Amino acid sequence: MRIDILTLFPEMFIQTLGTSIIGRAQVGNLVEFHFWNIRDFAKDKHRVVDDTPYGGGAGMLLKPDVVVDSIEYVKRFNQGPVIYFTPQGQTFNQQQAKILSTEQELILLCGHYEGLDERVRENWVDLELSIGDYVLTGGELPAMVVIDAVVRLLPGVLGDDQSAKNDSFYDGLLEHPHYTRPANFRGLSVPDVLLSGHHEQIRRWRLKESLRRTYYRRPDLIKTRSLTDEEKLLLAEIVNECSDERG
Ligand code: ADE
């Protein structure tokens, strides 16, 4: 996958994307990043990139000519959709990450402090994404969040192919609890079934605990997901059990 990033602060990305799994994905040529400083497309000698809004009011806007020149320049190398980060966008989630991970190319446009002229949004942006209902100082952190969520889904990026499949949200449920050695940690034990070596019982326990966690923490996810017969049975058990056992 090729990802081109348009930003006023390319330096914000370098360490984050060069580290750990995403860093290794770059070294392994599974993803390549190209950074473009929007300021390099400014026309005047002071390299001004923003201007005041028509009609007055607080805040500055990125100058449309500068942003569009930068987008058009990058489109010479990257034919992917242009994604702009804004709290007004559609809320990013795992399903969106999966869809984006099937693209060969993406162009990410980050504003910082400034908003975007409406004509640019309407005519040069393909998708507006928000990473949640709060306001950040710019689109750089959202871009890094989206890159991380998307790149880890690319084939070969996670060492064990299974690990993305078990993620919370991958299957519409939260993950079941996990335990590692020692079996007794400061007097706290591990559920017996996990030590039993009985694969079918372990599978069933994990599914049930996933359902329990989702039922108590994110009931909205249960409502929107269709349950298998086995899941319906397990959920009925959970509902009948003492609510002290909530996930
Ligand atoms: N820019 C500022 N806040 C944002 C948010 N919550 N999501 C995406 N882009 C943003």
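Residues numbered from 1 in each chain as written. Predicted model: local features only at pLDDT ≥ 70, side-chain atom pairs only at ≥ 80, totals over all residues. Heavy atoms only, no water.

Caption draft 1: Looking closely at the overall build of the protein chain. The helix and strand inventory of the protein chain stands at eleven helices and ten strands. For 247 residues, the compact-globule formula gives about 18 Å, and the C-alpha radius of gyration of the protein chain, at 23 Å, lies well above that figure. In terms of overall dimensions, the protein chain has a C-alpha envelope of 70 × 40 × 35 Å along the principal axes. Taken over 247 residues, the protein chain has a buried fraction of 42%. The long-range fraction of contacts in the protein chain, counting pairs at least 24 apart against all pairs at least 6 apart in sequence, stands at 74%. Of the roughly 14500 Å² of accessible surface on the protein chain, a fraction of 51% belongs to carbon and sulfur atoms. The distance from the centre of the 28 positive side-chain charges to the centre of the 37 negative ones in the protein chain is 4 Å. (Helix = DSSP H or I, 4+ residues; strand = E, 2+ residues; numbered from the N terminus. Rg over C-alpha atoms; globule rule 2.2 N^0.38 Å. Buried < 20%, exposed > 50% of the residue type's maximum accessible area, 1.4 Å probe, protein only. Contact = heavy atoms within 4.5 Å. Areas by Shrake-Rupley, 256 points an atom, 1.4 Å probe, with all protein chains shown as cover. Lys, Arg positive; Asp, Glu negative; His and termini not counted. Charge placed at Lys NZ, Arg CZ, Asp CG, Glu CD.)

Caption draft 2: Looking closely at the sheet that holds strand S7 (residues 115-116). Sheet architecture is open: three strands sit in the order S3-S4-S7, paired in mixed fashion. Of all the strands in the sheet, just strand S3 (50-51) and S7 have a single pairing partner and so form its edges. Relative to strand S4 (residues 61-62), S3 runs antiparallel, the two being bridged by two bridges. What sits directly across from aspartate 50, in S4, is leucine 62. (Pairing = 2+ DSSP bridges.)

Caption draft 3: Spotlight on the site of the ligand. Taken together, Phe85, Thr86, Pro87, Leu129, Ser130, Ile131, Gly132, Tyr134, Val135, Leu136, Gly138 and Pro142 make up the full set of residues near the ligand. Between a nitrogen atom of the ligand and a main-chain N or O atom of glycine 132, the distance comes to 3.2 Å. Burial of the ligand by the protein amounts to 96% of the accessible area it has alone, namely 260 Å². The set of elements that each furnish at least two residues to the shell around the ligand consists of strand S5 (82-91) and strand S8 (127-130). By residue number, the principal contributor to the shell around the ligand is S5, which donates three residues. Its residues assigned to classes, the shell around the ligand shows eight nonpolar, four polar and no charged. (Near = heavy atom within 4 Å. Polar contact = N/O pair within 3.5 Å; in protein donor to acceptor, adjacent residues only side chain to side chain. Nonpolar A, V, L, I, M, F, W, Y, C, P; charged D, E, K, R; others polar.)

Caption draft 4: Geometry of the pattern of salt bridges. Going through the model one piece at a time under the given rule, you end up with 16 salt bridges. Residue arginine 204 is joined to glutamate 237 by a salt bridge in which the shortest nitrogen-to-oxygen separation is 3.1 Å. Remark: glutamate 237 occurs in helix H11 (residues 229-240) and arginine 204 occurs in helix H9 (residues 199-217); sequence separation between them is 33 residues. A salt bridge links glutamate 231 to arginine 225; the shortest N-O distance between them is 2.8 Å. For arginine 225, a relative accessible area of 16% translates into the label buried. If you follow the salt bridges from partner to partner, you end up with Arg204, Lys208, Glu209, Arg212, Glu237 and Glu241 in one network. (Salt bridge = Lys/Arg side-chain N within 4 Å of Asp/Glu carboxyl O.)

Caption draft 5: How the structure looks around the confidence of the model for the protein chain. For the protein chain, mean pLDDT is 95; residues scoring 70 or higher make up 96% of the total. Across the protein chain, element-level confidence peaks in strand S6 (residues 105-109) with a mean pLDDT of 99 and bottoms out in helix H7 (residues 162-165) with 71. (pLDDT = per-residue confidence, 0-100.)

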